[in-house]
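Analysis of the macromolecular model
Listed below, chain by chain, are the residues.
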Amino acid sequence: MQAKDARARALQNPSAFWAEQADQIDWFKKPTQILQENADGTHTWYADGELNSCFLALDRHVAAGKGDRIALIYDSPVTNTKKTYTYKALLDAVALFAGALKAQGVGKGDGVVIYMPMVPEAGIAMLACSRIGAVHSVVFGGFAAHELGVRIDDSKPKIVLSASCGIEFTKIIEYKPLVDSAIEQATHKPEKVIMLQRPEAKAEMIAGRDLDWYEIQQGVAPAACEPMTATDPLYIMYTSGTTGKPKGVLRDNGSYAVALNFALRNIYNMQEGDVWWGISDIGWVVGHSFIMYGPLMGGCTTVFYEGKPVRTPDAGALWRVIQEYGVNGIFCAPTAFRAIRKEDPEGELFRKYDVSSLKHIFVAGEKLDSPTYHWLREMSQKPVFDHWWQTETGWPVTAPLTGMGESDLRIGSTNRGVPGYNVQVLRPDGSLADADEMGSIVIKLPLPPGVAQTLWGDHQRYLSSYLQTFKGYYHTGDGGYIDKDGFVYIMGRTDDVINVSGHRLSTGEMEEVVATHPAVAECAVIAVSDEVKGQLPIGLILLKDGVTIEQDALEKELVALVRQKIGALACFQKALIVKRLPKTRSGKILRAILRKIAEGEDYAPPSTIDDLSILPEIGESLKAAGITKT
Ligand code: AMP
C-alpha cells in the first residue's frame, strides 16, 4: 500500500480501513462490529472482538515455532548485568508470575500498581497482568511517595508490585520507604505489596502485607490467557493535566493491539526478527507501546535498558548498545541527544562504534531543535525522523510511514498525519485555519484505534478535557500550524503543561505544592527554555504579609518540597521572591506574559491587565536573578 492511499482510505472509510488492519492480528473472536459512534461523541472500536494482549505478545510466537527467538535483551550498565530472554523463556516467566498473582487473589478487572525500575521483572509483571486481565498502572520510579499515593488512591489497586531499589547513575534509590509512605498517605489501602529484592538494597518487609517476589511463585501453576473483550481495559497510564490531579488515561486491549501492529510495521518499519530499542522507561507511554507491547506483538527483539544516555559510563552508551545487539531502529527523546552532544560534540565516542545495523532514528516527546537535528543527522548519517504523539493517543499521530517507503521530512515539522488521524488547525472561534496559520491542533473525530476514549473513573473529565472545546474534534492541547503540503509543526502546549527532559509535567501541580509552604501567599510556576532539558520550571513567589525569609532559604525549602512531593524529575531548582504578580482584572495570573518576559521575548500586554507597571518590575527581577537570558 502507498502511504498516500493509506491516508486517503483511512479518511474516506475508517471502518473498512481498520477492518483490514484488524485482520493483521490474531483474535480469539474476530470482531464483526468495527466502529460505533456513541451518544457523547466518543467512539468504540471492535466492540465484539475477543483477544488477549499477552497472547499476542508471547504465546502466538511460541505456538508458531518461534520460541527460540530472542524476545527481550536486558542491558543494565548500572548493575553490570546483561541477560536475554527467548520468547519461550519470557512466556514461561510471565505465565508463572501470572499464576502467582492469581494465587494472591488478583483476577480480571483488578488493579495492579507497578512501581519499579527498568528490570525485566517489571516487564514480566505488565505482561502477567494482561495475561489474566488485571489492569496495570505503572508509576514511573522517579515519582515521589506523594505522587505514588495519589495514583494508588485513584486507581485503587488490589496489590502493589515494587522492587527494593532503583539506580540513578551510581546512586541507589530505595523504593520501599517510598512505597510504605505512599500507602500511608493514601486512603485506599492495597491488600498486598509484592517486593523484588535486588542485591543492591534490602527492603524491610511488613509482616502480613508484604510478600517476596520469588517466594510467591513457588509451587504455583502457570496461568493461561484470559479471553478479553476488545474494549476491556489493559492499563491505566497517568499523565499530567493542568490541575494537580493526574489524568488516568485508560487503554483498551483490542484497538490498541491493532494500532500498535500498524505503527510498528508502517511507521517504524520493523519486521519479525528485527531488533528494536525504545529508549525510554516502562513508566511512560513509550515504554508501554514501544518497549513492551508493540515490539513483542510484532515478533521483534526489544532492548530493555537500565541506564542513561550519558555517564553510564559515558556518552557512547547508546552507540555501544546499538552495536552490541545490532539494533535496527530506535526511538528516543531529543533531550538524550542534547545531553550526548554536550559531552561528545565532535562524535569521538560515536566513532568508536559501528551502528550500521540502524535503519533510522525516531525522536519524539518534545521539540527537536534544529541544531540537535543537524548534529545527529550529520554524525550518524542516518535518517532522523521527528514524530509526535501523546500519552492519550498511545501511538504516533504524525510520522513518516517508513514501512510504506516514505522518507520525506521537513526540519521543524513532526511530519504528516498518520492514516486514521485527520489532523487540523482551528482558530479560537472554531473555524479552520489557513495553511501556515497558527492555532490549536486538533484531530477530527473519529479518533483511530488505540487512542484513549475515556479517563479512568472520570469520563466527564475526558469529555471536558478533549471533546468539548471544539465540537467534533479531539483537542490535543498543542498549538502549531500545518503547511500547504500537510506537514505539521508543533510549537508547544497551549495549556499549563510543560516538558522537562521529555517528561510531561503540570505547572499547576507544582504551584499547588509550592503554595503549601507557610511563607507563600501566591505563586506562579512557569517554564523557561533550557539547552539540555528543553524546559525548566521556575517559581515566582509572593510572600505572605509580615513574613520575612531570605530568598536563598526559601528557594532551598521550596526545591526540597517539590522534590519530596512530586519528585526529582520535576527539576524544580529556582524560586524567586517577587513583589507582585501580573494579573487580569478578574484576578487570573498572566502566566503566558511571565513566560515571554522570562524568555526575553517581546510581548503585548493584554487589555485585561490590572496594572501595567508590574511587567517591567518583574522583568528587572528576572534579569537580576539571571533567569532572563537576554
Ligand atoms: P506525553 O503525553 O508525555 O507523551 O507528552 C505529550 C506532549 O509532548 C505533546 O502534547 C507535545 O506537547 C509534546 N510532544 C510530543 N512529541 C513532540 C514532538 N515530536 N515535538 C514537539 N512536542 C512534542
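Before any of the text, the structure's been laid out above.
Predicted, not measured: the structure shown is a model, and the values here were computed from it.

1. Digging into the overall build of the protein chain
- When its secondary structure is counted, the protein chain shows 17 helices and 29 strands.
- For 630 residues, the compact-globule formula gives about 25 Å, and the C-alpha radius of gyration of the protein chain, at 24 Å, lands near that figure.
- Out of the 630 residues in the protein chain, the part that is buried amounts to 60%.
- The contacts in the protein chain between residues at least 6 apart in sequence include a share of 70% that link residues at least 24 apart.
- Of the roughly 23,900 Å² of accessible surface on the protein chain, a fraction of 50% belongs to carbon and sulfur atoms.
- Looking at the protein chain, you have 65 positive and 76 negative side-chain charges, and the mean spots of the two groups are 1 Å apart.

2. Describing the environment of Asp-545
- As for its position among the elements, Asp-545 is in the loop between β28 (534-543) and α15 (551-565).
- We classify Asp-545 as exposed; its relative accessible area is 80%.
- Separated by 482 residues in the primary sequence, Asp-545 and Ala-63 place their C-alpha atoms 71 Å from one another.

3. Quick notes on the site of the ligand
- Around the ligand, the surrounding shell holds 17 residues, and the nearest of these are Asp-386, His-387, Thr-391, Asp-478 and Arg-504.
- Gln-390 is positioned such that a nitrogen or oxygen atom in its side chain is 3.0 Å from an oxygen atom of the ligand.
- At a separation of 2.6 Å, an oxygen atom of the ligand approaches a polar side-chain atom of Thr-391.
- Coverage of the ligand by the protein chains reaches 92% of its 500 Å² of free accessible surface.
- Class assignment of the residues belonging to the shell around the ligand gives a composition of four nonpolar, seven polar and six charged.

4. Some details on the sheet that holds strand β23 (residues 473-482)
- In space, the four strands of this open sheet follow the order β21-β22-β23-β24, with antiparallel pairing throughout. With one partner strand each, in any of the chains shown, β21 (422-426) and β24 (488-493) form the two edges of the open sheet. Pairwise comparison of adjacent strand axes, ignoring direction, gives a mean angle of 50 degrees for this sheet.
- Examined bridge by bridge, β21 and strand β22 (residues 439-444) share five bridges and lie antiparallel to one another. Across the sheet, Gln-424 pairs through a bridge with Val-442, a residue of β22.

5. Here we look at the pattern of salt bridges
- Enumeration over the complete set of coordinates arrives at 36 salt bridges.
- For Glu-324, the salt bridge identified is with Lys-82, shortest N-O distance 2.8 Å. One end of the pair, Glu-324, is in helix α10 (residues 317-325); the other, Lys-82, is in strand β5 (residues 81-86), and 242 residues separate them in sequence.
- Residue classification places Glu-324 among the partly exposed residues on the basis of a relative accessible area of 35%.
- For Lys-583, the salt bridge is made with Glu-522, and the minimal N-O distance between the two is 2.7 Å. Here the residue Lys-583 occupies a position in the loop between β29 (574-577) and α16 (591-599), and Glu-522 occupies one in strand β27 (residues 520-530), the gap between them amounting to 61 residues.
- Among the residues examined, Lys-583 registers a relative accessible area of 19% and is labelled buried.

6. Quick look at helix α7 (residues 176-185)
- Listed as buried for α7 are Lys-176, Val-179, Asp-180, Ala-182 and Ile-183. The buried residues of α7 occupy one face: seen down the axis, they fall within an arc of 160 degrees.
- Looking at the packing, one finds that the buried side of α7 touches β6 (111-115), α6 (145-155), β8 (159-163), β10 (171-174), β11 (192-196) and β12 (210-212).

7. Overview of the packing of aromatic side chains
- Taken as a whole and assessed by the stated rule, the structure comprises 30 aromatic pairs.
- Grouping aromatic residues by their ring pairs yields a cluster made of Phe-17, Trp-18, Trp-27, Trp-45, Tyr-46, Phe-262, Trp-395 and Tyr-421.
- Over the ring of Phe-143 we find Arg-151, and its NZ or CZ is 4.3 Å from the ring centre.

Here is what the cut-offs are and how they apply
- Residues numbered from 1 in each chain as written.
- Predicted model: local features only at pLDDT ≥ 70, side-chain atom pairs only at ≥ 80, totals over all residues.
- Heavy atoms only, no water.
- Helix = DSSP H or I, 4+ residues; strand = E, 2+ residues; numbered from the N terminus.
- Rg over C-alpha atoms; globule rule 2.2 N^0.38 Å.
- Buried < 20%, exposed > 50% of the residue type's maximum accessible area, 1.4 Å probe, protein only.
- Contact = heavy atoms within 4.5 Å.
- Areas by Shrake-Rupley, 256 points an atom, 1.4 Å probe, with all protein chains shown as cover.
- Lys, Arg positive; Asp, Glu negative; His and termini not counted.
- Charge placed at Lys NZ, Arg CZ, Asp CG, Glu CD.
- Near = heavy atom within 4 Å.
- Polar contact = N/O pair within 3.5 Å; in protein donor to acceptor, adjacent residues only side chain to side chain.
- Nonpolar A, V, L, I, M, F, W, Y, C, P; charged D, E, K, R; others polar.
- Pairing = 2+ DSSP bridges.
- Axes fitted to C-alpha atoms, helices over the stretch in contact; angles between N-to-C directions.
- Salt bridge = Lys/Arg side-chain N within 4 Å of Asp/Glu carboxyl O.
- Arc of directions from axis to C-beta.
- Phe/Tyr/Trp six-rings, centres within 6.5 Å; stacked < 30°, edge-to-face > 60°.
- Lys NZ or Arg CZ within 6 Å of the ring centre and 35° of its normal.

Structural measurements only, silent on function.
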